[in-house]
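Below, each chain spelled out in residue letters.
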Amino acid sequence: MLKNGKFFIPPANDGSDFKELFKRLAAAGAGRPLGSDGFPAGPWTPELLAEAISQIDSNRAGVDLRTVQLWFQENEKGISTANIRWLARIFGCDDPVATSEWQMELSDAQSRFAARRRESKNARSSVAPGVPEGPLTAAVDDVTGSRAELARETDIKRPDRRFGLALRSEALFSRGSPLNLPASVFAGATALGFLSYITGIHSATYVRADGVVKQVGFLWAPNWTFLFMVLLPLFFAIVIELLHFWRYEARLELMAQRDKMESENVWARNVEASSYTYWAVILICVLFAGLFQWIGVCLIPLMNGGDDYATSWGTLAIVRPEVISVPMSIVFTALAYLYMCLCFYLFFAGLILLHTIVHDLWKIGEASKARPEVEHRHELDQLSLRVMRGIFRCTVLGVLVAICMKAQSSYLTSNGENIVDWLVGDMSSALYVHKDVSNGFSYRMPTHYSSLLVAISTCVVFLVAYIRLSVGRRYRMLLWKMSAVVGLLVAAYLLIGAFAGFSILLGIGVLPAIYGLFDPAFGHGERVR
């Protein structure tokens, strides 16, 4: 029967209780609009029915999805008087007379359901004599039953947020303006640059024991200037852009059949799953790379003197106390190393988030293979390509960070007067067989080790993305180009200072890498957004 363009079923008055009546009507799709072919659109689902009730103009509060789900389930939960009114509107197809008839039918069915439940409970029933159980108990069922179920689901789905280092670290990338984190890192490096001017170590030289004049000023060290003022802000900006794209756009598109709250909960669980990794990283960065390295490389040499490490701006007070005093050097290096270890924690946190995105996309892709109707393969390939481009750009920046660290460390042990003269001299020694730019001193170089950790960690994320993300055959050549650029850049990093002329290979590796930052598609297809 048709009523107001919807499929109408009149009340049967057959003595059914609420559960029996509701199951029959929901399966028939009573109250649903007819399809284009004139046939019923199909049965009700909890989501469709909850949405239809919430769209009733006079129903400002709507109805909770979990409450509707309880109506569909075989349980002892009934329906409240208020919800009987809205359900009657649905089954009555917004016709006043039919709605009134269905309201009486649903009320009688609920009373029969409550009576049968009361009989089954017998002595367990706590309802006082003379108090009608139907409407009151049904209202309590709708509210308490729904809240209890929601609480149980929330306890299962929601990650532990008591402190949540993983979630708080992720929030630094995903909350607020995308400019906040890059600007903060840039501001910290700028502040250290101003302090170096104030203390007089922004540009300072000293004469080594073999007579070589070395430039060891703070502003001449690329691992403290270019790294923190250019490379890391760019890295954070790309991670933030990719995270926002995945979390708020791509993920919701792939999971279109689920609500936004569920998607957020699943993402939060994925982030929290790496909680131990975040704690391990912050322990290594703050305790070892920060505190212990500062004590061993700066504090002890400044207090006791020593030549185990090459002289830098941090230990300049040992050889040139007239430029900066030891106490001033201790304070400045402590601030610099604190800033450095926090920045590198954020750097590794960004790599963990990139891995989380890859793992999340891979799981959704595997699920879509089992359920092809969820998403088209082409759309998944496009999203995978977008993620792969972002990870490639982050990988290039990560390896460039490692290059800055190793290059500065190698320069301090060389015969070059400054880092530019050292690189130019190395290139000349290979082309024109000039004098060797190495030296006979043997120094400890902990930065070589820490830069290797940075390079390896960055490349591991790229390798995982390369293996897990399928981007279709038409983009295989692009992946090969990305891999070749990364491989060449890593080779240039590993060979810094290994032989005369390494700077030529370094230039060959850096140039295509920089081009890839601007055009990760390498001239094929659309530019990355």
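This text follows the structure it describes.
This structure is a prediction, so every number in the text was calculated from the model and none was measured.

> Can you walk me through the overall build of the protein chain in this structure?
Within the protein chain, the regular secondary structure consists of 18 helices and four strands. Counting only residues that meet the buried cut, the protein chain has 49% of its 529 residues in that class. Restricting to contacts in the protein chain with at least 6 residues of sequence separation, those with at least 24 account for 73%. With the model as given, the accessible surface of the protein chain reaches about 25800 Å², and the carbon-plus-sulfur share is 62%.

> Would you mind going over the packing of aromatic side chains with me for this structure?
Two measures describe an aromatic ring pair: the distance that separates the ring centres and the angle between the ring planes. This structure, assessed with the given rule, holds 24 aromatic pairs. Aromatic side chains F173 and F236 sit 5.9 Å apart centroid to centroid with 65° between the ring planes, which places their arrangement in the edge-to-face category. Linking F173 in helix α7 (residues 165-174) with F236 in helix α9 (residues 226-254), this pair joins segments that are 63 residues apart in sequence. Comparing F173 with F236 shows no difference in burial state: the two are buried. Plain terms: the ring middles of F235 and F347 are 4.6 Å apart, the flat faces sit at 40° to each other, and that makes the pair tilted. On the criterion of sequence distance, the pair formed by F235 in helix α9 and F347 in helix α13 (residues 326-370) is long-range, its members being 112 residues apart. Taken individually, F235 and F347 each receive the classification buried, so the pair is uniform in this respect.

> Can you help me understand the packing of helix α1 (residues 18-28) against helix α3 (residues 65-72) in this one?
Two quantities define a packed helix pair, namely the angle between the axes and the distance from one axis to the other. The geometry of α1 relative to α3 is characterised by a closest axis approach of 9 Å and an angle of 100° between their N-to-C directions. It follows that α1 is roughly perpendicular to α3 by the angle criterion. Between α1, through F18, K19, F22 and A26, and α3, the contact on the second element is made entirely by L70, W71 and F72. Of the residues in the contact of α1 with α3, the class split is six nonpolar, no polar and one charged.

Thresholds, definitions, all that
Residues take numbers from 1 onward in each chain, read along the sequence in its written order. Per-residue local features of the predicted model are confined to residues with pLDDT of at least 70, and side-chain atom pairs are confined, for both listing and counting, to 80 or more; whole-chain, interface and lining totals are unaffected and use all residues. To get the side-chain values, all heavy atoms of the structure are used, and hydrogens and water are removed first. Numbering of helices and strands starts at the N terminus; helices are DSSP runs of H or I of at least 4 residues and strands are runs of E of at least 2. Classification of residues uses two cut-offs on accessible area relative to the type maximum, computed with a 1.4 Å probe and protein chains only: under 20% is buried, over 50% is exposed, and between them is partly exposed. Should any heavy atoms of two residues lie within 4.5 Å, those residues are considered in contact. In these tables, accessible area is a Shrake-Rupley quantity obtained with a 1.4 Å probe, and a residue counts as shielded only by the protein chains included in the view. Between rings of Phe, Tyr and Trp, where Trp is taken as its six-membered ring, a pair exists when centres lie within 6.5 Å; planes separated by under 30 degrees are stacked, by over 60 edge-to-face, and by other angles tilted. Axes here refer to lines fitted to C-alpha atoms; in helices the fit is confined to the stretch in contact. Angles between the N-to-C directions go from 0 to 180 degrees. Any angle between 65 and 115 degrees counts as roughly perpendicular, while under 35 counts as roughly parallel, over 145 as roughly antiparallel, and the rest as oblique. Think of it as three bins: nonpolar holds Ala, Val, Leu, Ile, Met, Phe, Trp, Tyr, Cys and Pro, charged holds Asp, Glu, Lys and Arg, and polar takes everything else, Gly as well.

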